[in-house]
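Spelled out from the first residue to the last, the chains are:
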Amino acid sequence: TFTAVGFYTVRMDVTDINGCSYTEHRQVQVHALPQASFTYTAGICDSTMTFVSNSIDTAGAVAMYVWSYGDGVTDTIYAPDSTATHKYMLTGTYGVALHIVDINGCESDYSDTIERSPCIIADYSYSDTVCQNNTILFTDRSTCNQPIEQWEWNWGDGSAVETFDTLTGPVAHTFTQAGTFNVVLTVSTTMATQTVSDNAVYNVTVLPGPLAGF
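Computed from a prediction, not measured in an experiment: that's the story for all the values here.

Q: How do you make sense of the side chain of Asp 102 when you look at a structure like this?
A: By the element assignment, Asp 102 lies in strand β8 (residues 92-102). Summary of buried charges: Asp 102 has no salt-bridge partner, and the nearest side chain of opposite charge, Arg 26, is 20 Å away. A polar side-chain atom of Asp 102 sits 2.8 Å from the main-chain amide nitrogen of Cys 106. Not counting the four nearest positions on each side in its chain, Asp 102 is found in contact with Ala 32, Pro 34, Asp 57, Ala 61, Val 62 and Ala 63.

Here it is in C-alpha cells:
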C-alpha cells in the first residue's frame, strides 16, 4: 500500500533452487484518489430530487458515477454527465451514496442522508382578534402538487373534530371559552397509492368576551 502519490521504483529479486538469480526493476505511478461529493435540491412540494456531483479529481477526470438513492434504485452515469434526478414514491429519510471511478481506475465514495418531505404543505389563517362566543373564520392556505382530498380541523377546545372532503370557503368556529387553544389543520391526499398528510398547528388565543349590562 502506497500512502503518498508519486513515482516509485519497485525491485523484485528472485532466486531459483539452483542458486540462479534475477532482478527486475519497474517504475510504478501512484495516482491521487478522487474525492467524491454531491449536493441535492428539491422543490418545496416535490418528490423529484436533483443530485449534482461536485467531486474533485486532481490526478485525472471522473469517468463514471454510480448513484444509489437509498430506496433500492441505482443509476450509472458516464462522463461528461454528472447530474442525476430521481423521484421518490414515498416520503421518508433516505441514505444516498455516490461511487465514482476516474480514468485511472481510482475510486471514491460519498454518502449523505436526505429527507423527502410530503408533497403537501398544510397552512391556514384566521382573524387577528379572536373573541369568546364570536364566530371566527379559518381560511385554508394549504398547497399541494395535486388535489387535496381531505381537510380535518381539530379545534383543541374539546369540541368535535370537523372533517371535509371538499372545501369551498372559510370554515367557521365559535370558541365558548377564553384561553389558548392548539388548532390543528390536517390535510391529506393520495400519492402512489399511499396517503400522505401534513399538519399546521397554531396557538389561537381567545380573548374573554365582555359582559354587557345596564
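Q: Please clarify how a nonpolar patch on the surface should be interpreted in this entry.
A: A contiguous nonpolar surface patch, about 320 Å² in accessible area, is contributed by Met 12, Val 14 and Tyr 22. Inspection of the secondary structure assignment puts Val 14 in strand β1 (residues 6-15).

Q: When you look at the pairing of strand β5 (residues 62-68) in this model, what are you seeing that I'm missing?
A: If a strand is regular, its side chains alternate between the two faces of the sheet. The pairing of β5 with β8 spans six bridges and is classified as antiparallel. Bridge assignment links Ser 68 to a residue of β8, and that residue is Ala 97. One ladder, built from five bridges, connects β5 with strand β6 (residues 74-78); its direction is antiparallel. Paired with Trp 67 across the bridge in β6 is Asp 75. Between the end of β5 and the start of β6, which pair antiparallel, lie five residues, with Gly 70 showing a positive phi angle near 90°.

Q: I tried to follow the pattern of salt bridges on my own but got confused; where do I start?
A: Where side chains of opposite charge bring their charged atoms close, a pairing between them can arise. Taken as a whole and judged by the stated rule, the model has two salt bridges. As a salt-bridge pair, Asp 13 and Arg 11 come within 3.2 Å of each other at their nearest N and O atoms. Residues Arg 26 and Glu 24 are paired through a salt bridge, measuring 3.2 Å at the closest nitrogen-oxygen approach. For Arg 26, a relative accessible area of 59% gives the class exposed. Residue classification places Glu 24 among the partly exposed residues on the basis of a relative accessible area of 27%.

Q: Sorry if this is basic, but what is going on with the packing of aromatic side chains here?
A: Given two aromatic rings, their pairing is described by the distance between the two centres and the angle made by the two planes. Tallied over the entire structure, the rule returns 18 aromatic pairs. Each ring, one from Phe 138 and one from Trp 155, has its centre 5.0 Å from the other, and the planes form 55°; the classification is tilted. Placement of the pair is Phe 138 in strand β12 (residues 135-140) and Trp 155 in the loop between β14 (150-154) and β15 (162-164), with a sequence separation of 17 residues. In terms of burial, Phe 138 and Trp 155 fall into one category: buried. These aromatic residues form a ring-pair network of at least three members: Tyr 124, Tyr 126, Phe 138, Trp 153, Trp 155, Phe 175, Phe 181 and Tyr 202.

Q: It is not clear to me how the environment of Ser 159 should be interpreted in this structure. Could you clarify?
A: Inspection of the secondary structure assignment puts Ser 159 in the loop between β14 and β15. Residues Ser 159 and His 173, 14 residues apart in the sequence, show an inter-C-alpha distance of 9.8 Å.

What counts and what doesn't
- Residues numbered from 1 in each chain as written.
- Predicted model: local features only at pLDDT ≥ 70, side-chain atom pairs only at ≥ 80, totals over all residues.
- Heavy atoms only, no water.
- Helix = DSSP H or I, 4+ residues; strand = E, 2+ residues; numbered from the N terminus.
- Buried < 20%, exposed > 50% of the residue type's maximum accessible area, 1.4 Å probe, protein only.
- Lys, Arg positive; Asp, Glu negative; His and termini not counted.
- Salt bridge = Lys/Arg side-chain N within 4 Å of Asp/Glu carboxyl O.
- Polar contact = N/O pair within 3.5 Å; in protein donor to acceptor, adjacent residues only side chain to side chain.
- Contact = heavy atoms within 4.5 Å.
- Patch = residues over 30% accessible without salt bridge, like charges linked within 9 Å, V, L, I, M, F, W, Y side chains within 5 Å.
- Areas by Shrake-Rupley, 256 points an atom, 1.4 Å probe, with all protein chains shown as cover.
- Pairing = 2+ DSSP bridges.
- Phe/Tyr/Trp six-rings, centres within 6.5 Å; stacked < 30°, edge-to-face > 60°.

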